[in-house]
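# Descriptive analysis of the structure
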Amino acid sequence: RRSIRSLHTGETAMSTVRRPSLQRAYLREVSKQTTIIRLQGFLFFGTISHVEDTIREVVNGPAWHSNPIRFLVLDLGLVAGVDMSSSEAFVRMHRFLSAKDVTMVFCGFSGDSPIAQALKSVHVIGAKDVELFLTFNDAMEWTENAYLHAWYLTQKYESTSAALNLPGRHNRRYDERHSLDTLVSSPRRTFMRDVANRTIAQENSREPDAGDYPSEPFNTLVKAFSSYGSVEFELFEPIANYLERLSLPEEYVLWTQDDPSDGLYIVESGVLRASYKFADHLHHVEESMVPGTVAGELSALASLPRNATVVVERAAILWKFSTENLARLEVDHPKLAKYFLNLVLKAAKIDYDILLSALAARQ
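Right, let's walk through the structure included here. (Residues numbered from 1 in each chain as written. Predicted model: local features only at pLDDT ≥ 70, side-chain atom pairs only at ≥ 80, totals over all residues. Heavy atoms only, no water.)

### Quick look at the packing of helix α1 (residues 21-30) against helix α8 (residues 187-198)
Two elements in contact, α1 and α8, have axes whose closest approach is 9 Å; the angle formed by their N-to-C orientations is 150°. It follows from the interaxial angle that α1 and α8 lie roughly antiparallel. Like other packed secondary-structure pairs, α1 and α8 cross with a definite hand, here right-handed. Within the contact between the two elements, α1 uses Tyr 26, Glu 29 and Val 30 and α8 uses Phe 191, Met 192, Val 195, Ala 196 and Arg 198. Considering only residue class, the contact of α1 with α8 consists of 6 nonpolar, no polar and 2 charged. (Axes fitted to C-alpha atoms, helices over the stretch in contact; angles between N-to-C directions. Helix = DSSP H or I, 4+ residues; strand = E, 2+ residues; numbered from the N terminus. Parallel < 35°, antiparallel > 145°, perpendicular 65-115°, else oblique. Left-handed = near helix turned anticlockwise from the far one by under 90°. Contact = heavy atoms within 4.5 Å. Nonpolar A, V, L, I, M, F, W, Y, C, P; charged D, E, K, R; others polar.)

Below, the structure is given as structure tokens:
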């Protein structure tokens, strides 16, 4: 059996983080600079050579000149073990990846597992430009946050920009100098800027000028829905009367799976985390929701029980649109209600497409 189960790029395996559409468009393109290799079986001298040759081809072959990568994600979730020759091969891989300024991202095993101990013994785990995450989703979430962080740092040093809200249970600091130096005057940085100018850079241009209108909840509505249709203050002004502002602390349980739905929530700040439990024998699926996204919309609109448990991961400010107020809006402002619900459904469709593709990529 071959040691490489699959090889693809980050654009085909996004994390299960629910993001504003412009951030997602940016990440889908720049994630071409992430290569994912999923391994299987026991890695020994007879199988690791194919892995090493494949990685050398990624960073030295023709593809490098057209699409130099920034991250190499190695998923060892189905690897039974590694011998000493494999550990030494990972040392060589780390050496030539570091020469190309490519970060090695391991996932699929814990820091105290036999595989981790083997890689620690040859000083791969713990080395510079090497990261380890328990799950594939955690690894992809970290790489996506790194791309967002790099763009934010570019704006911080070249102009002024508000900090991006990035989800993260990992509490790992990004080295600002490293994030910039590795991108300055390089094809990778040029590609990132070109993509950003078409996507995420448009966020600021869509925000209303300060003082023109009440800042909230209008700014949050613009961030959440302006990619799907026009969000004009004159049209959306009545909605403020139907929204309830909630300020919630970390670890607050917003709802649990199978609870009756009480409305939808629009995230102004902070991070929510949803946990889906489909069956006792399956792993839970987790999804983060960052500012500018909507939570609980489908169950609320369908008046069905919640299909996940949602907890506040970082202290959050939410705008709640209760089912009662949604019904009131439909009576008081039917055209606005129809338009608003259409925007919500468009956002939900994209969010669930991403979630399904993320789940499919994990098979």
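On we go from here.
### Quick look at helix α13 (residues 323-332)
Along α13, the positions that sit buried rather than exposed are Asn 325, Leu 326 and Leu 329. Mapping the buried residues of α13 onto a view down its axis gives an arc of 105°, with all of them on the same face. In α13, the exposed positions angled more than 90 degrees off the buried face are occupied by Glu 324 and Val 331. (Buried < 20%, exposed > 50% of the residue type's maximum accessible area, 1.4 Å probe, protein only. Arc of directions from axis to C-beta.)

### Regarding a nonpolar patch on the surface
Side chains of Leu 298, Leu 301 and Leu 345 sit close together on the surface and give an oily, nonpolar patch of about 220 Å² of accessible area. By the secondary structure assignment, Leu 345 is in helix α14 (residues 334-361). Leu 345 gets classed as partly exposed once you look at its relative accessible area, which sits at 43%. (Patch = residues over 30% accessible without salt bridge, like charges linked within 9 Å, V, L, I, M, F, W, Y side chains within 5 Å. Areas by Shrake-Rupley, 256 points an atom, 1.4 Å probe, with all protein chains shown as cover. Salt bridge = Lys/Arg side-chain N within 4 Å of Asp/Glu carboxyl O.)

Everything listed here is a matter of geometry and, on its own, says nothing about what the molecule does.
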